[in-house]
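# Topology and contacts: notes
Residues per chain are reported as follows:
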Amino acid sequence: MKRKINIRIGISVGDINGIGPEVVLKALSDTRILELCTPVIFASNKLISFMKKQLNLEFNFNGITTLSNIIDGKMNVMNCWHDMPQIEFGQETPQAGKCAFESLEHAVNALKQEAVNAIVTAPINKKNIQSEVFHFPGHTDYLAQELTGDSLMFLISDELRVGLLTDHIPIKDVASHITQELIFKKATLINDSLIKDFHVTRPKIAVLGLNPHCGDQGVIGQEDDLIIRPAIEKLYQEGMLIFGPYSADSFFVSQYQDFDAIIAPYHDQGLIPFKTLSFGKGVNFTAGLDKIRTSPDHGTAYSIAGKGIADENSFREAIYKAIDIYNNREEYKELTSNTLVSNNLPAEK
């Protein structure tokens, strides 16, 4: 199967006062990664040079002002601003939020123009990035506006994949958001992503219950019996291998290994076990869109910013997963574009 030799990965640096720039540069300082992809960091020469000195790293980069000047096989830095921003490690500042958005905006625009094949986003501060142009609870919702498709927060590692029915909403609003239509939509997105993005031929999906013990037959809530269970049964009757609801308090003890993906009704119900089992190796993938975006499974980590002790493994994994998903999608497109041709058979006239 033919593979794209120079996959271009766009990288937004996130909050410059957090650990974003550090994990980006640590992950890329091993030049062997250039054998797998061409990184394009959306920031500025001055910021990258400052962080190189701060972290005592040695590497070369190609500073550019237009996307047409990207050099494959080298680390590229696309200059999104010219003045050196004020770095205040561990502090939530308006300038850091502004730089985070400009980096993200440039990366997404490059993705839409197909100047890069996928993007990997470093963590943002969801408060200081807010503005007239960015008024979203996180990356996922912003990308849903900018790209084509229905977005889904999908946490992935080599051992575990967790998708969310709801993501960044208050816990008091979760139950009112859970509908059969939402379950149909998210389960279909996960099923399709497993096939196209991960080469799982016949996905097997588990759904967690909303209430403790899945409501105990209505004693602790009726959503599981009235909404979640009927939706699962309908999808199963239509041919999807989907099962549940399972009680969330015991599911991750052993059952999760029997499934290709798990659907959790709300954020912490899915992310707490995922990060416990996969932290440092986990990746946040925005599934369901026409373009690929991944990110590490951690936040800005202000408490350790500027100390040079941040672990870059999750960011490196996010790069690897973006490359893998891109290759899998390309292979899926090739295999399904014309089944007869791909099997070396003459097409019917």
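All residue numbers refer to positions counted from 1 along the written sequence of the respective chain. Given that this is a predicted model, residues contribute local features only at a pLDDT of at least 70 and side-chain atom pairs are listed and counted only at 80 or more, while totals for whole chains, interfaces and linings are drawn from all residues. For the side-chain quantities, the full set of heavy atoms in the structure was used; hydrogens and water were omitted.

Once that is clear, we can look at the sheet that holds strand β2 (residues 37–43). For two strands to pair, DSSP has to find at least two bridges joining them. Each helix corresponds to a stretch of at least 4 residues labelled H or I by DSSP, and each strand to a stretch of at least 2 residues labelled E; elements are numbered beginning at the N terminus. As summarised here, the arrangement of the twelve strands in space is β3-β4-β2-β1-β5-β12-β11-β6-β7-β10-β8-β9, forming an open sheet in which the pairing is mixed. A single partner strand is all that each edge strand has here, and the edge strands are β3 (62–64) and β9 (241–246). Shown here is a sheet whose adjacent strand axes are inclined to one another by a mean of 25 degrees, direction ignored. Of the pairings in the sheet, the one linking strand β8 (residues 204–208) to β9 comprises four bridges and is parallel in character. In the sheet register, K204 faces β9, and the bridge partner there is L241. A fitted line through C-alpha atoms serves as each axis, taken over the contacting stretch for helices, and the angle formed by two N-to-C directions is quoted from 0 to 180°.

With that settled, the discussion passes to the side chain of N62. Within the secondary structure, N62 sits in strand β3. Burial classes: relative accessible area under 20% of the type maximum marks a residue as buried, over 50% as exposed, and values in between as partly exposed (1.4 Å probe, protein chains only). A relative accessible area of 18% means that N62 is categorised as buried. Contact definition: two residues touch when any of their heavy atoms are within 4.5 Å. If near-sequence neighbours (up to four positions away) are discounted, N62 is found in contact with N69, I71, M75, N76 and V77.

Among buried residues, those of type Ala, Val, Leu, Ile, Met, Phe, Trp, Tyr and Cys that are joined through side-chain atoms within 4.5 Å constitute a nonpolar core. By size, the foremost hydrophobic cluster in this structure holds 94 residues, and its most contacted members are I9, L25, I41, F154, I242, F315 and I319. Beyond its immediate chain neighbours, meaning those up to four positions away, I41 contacts I11, V13, V24, L25, L28, I48, M75, N76, V77 and M78. Of all hydrophobic cores here, the second largest spans 15 residues; its members include L160, A206, L208 and A264.

Looking now at the pairing of strand β7 (residues 161–164). Neither face of β7 is open: one carries R161 and G163, the other V162 and L164, and all of them are buried. Examined bridge by bridge, strand β6 (residues 149–156) and β7 share three bridges and lie antiparallel to one another. Note on β7: the bridge partner recorded for F154 is G163. Hairpin connection from β6 to β7: four residues lie between these consecutive antiparallel strands.

Quick look at the packing of helix α3 (residues 94–112) against helix α4 (residues 139–146) now. Closest axis-to-axis distance for the α3/α4 pair is 12 Å, and the angle between their directions is 40 degrees. As summarised for this structure, α3 and α4 are arranged oblique, according to the angle between their axes. Where α3 crosses over α4, the handedness of that crossing is right-handed. Counted together, F101, L104, E105, V108 and K112 of α3 and H139, Y142, L143 and E146 of α4 form the full contact between these two elements. Note on residue categories: nonpolar means Ala, Val, Leu, Ile, Met, Phe, Trp, Tyr, Cys or Pro, charged means Asp, Glu, Lys or Arg, and polar means any other residue, Gly included. Classifying every residue of the contact of α3 with α4 gives five nonpolar, one polar and three charged. Should an angle fall under 35 degrees it is called roughly parallel, over 145 degrees roughly antiparallel, and 65 to 115 degrees roughly perpendicular, with every other angle called oblique. Handedness of a helix crossing follows the sense of rotation of the near helix relative to the far helix, less than a right angle counterclockwise being left-handed and clockwise being right-handed.

Below, the discussion takes up the environment of V40. Within the secondary structure layout, V40 lies in strand β2. For the pair formed by V40 and T294, sequence separation is 254 residues and the distance between their alpha carbons is 15 Å. Leaving out residues up to four positions away in the same chain, V40 has contacts with I9, G10, I11, I70, N76, M78 and V116.

Turning our eyes to something else, we now look at unusual backbone geometry. Geometrically, the link from G244 to P245 is a cis peptide bond, its omega value of 0 degrees lying close to zero. You can see P245 is positioned in strand β9. Phi angles above zero are rare outside glycine, and A301 is one such case at about 50 degrees. Looking at the secondary structure, you find A301 in the loop between β12 (292–296) and α10 (313–337).

What follows concerns the pattern of salt bridges. Basic side-chain nitrogens of Lys or Arg form a salt bridge, by our definition, when they fall within 4 Å of a carboxyl oxygen of Asp or Glu. Counted by the stated rule, this structure contains 16 salt bridges. As a salt-bridge pair, E92 and K127 come within 3.9 Å of each other at their nearest N and O atoms. Taken together, the positions of E92 in the loop between β4 (76–79) and α3 and K127 in the loop between β5 (118–121) and α4 put the pair 35 residues apart, joining distant regions of the chain. By relative accessible area, E92 is classed as partly exposed at 41%.

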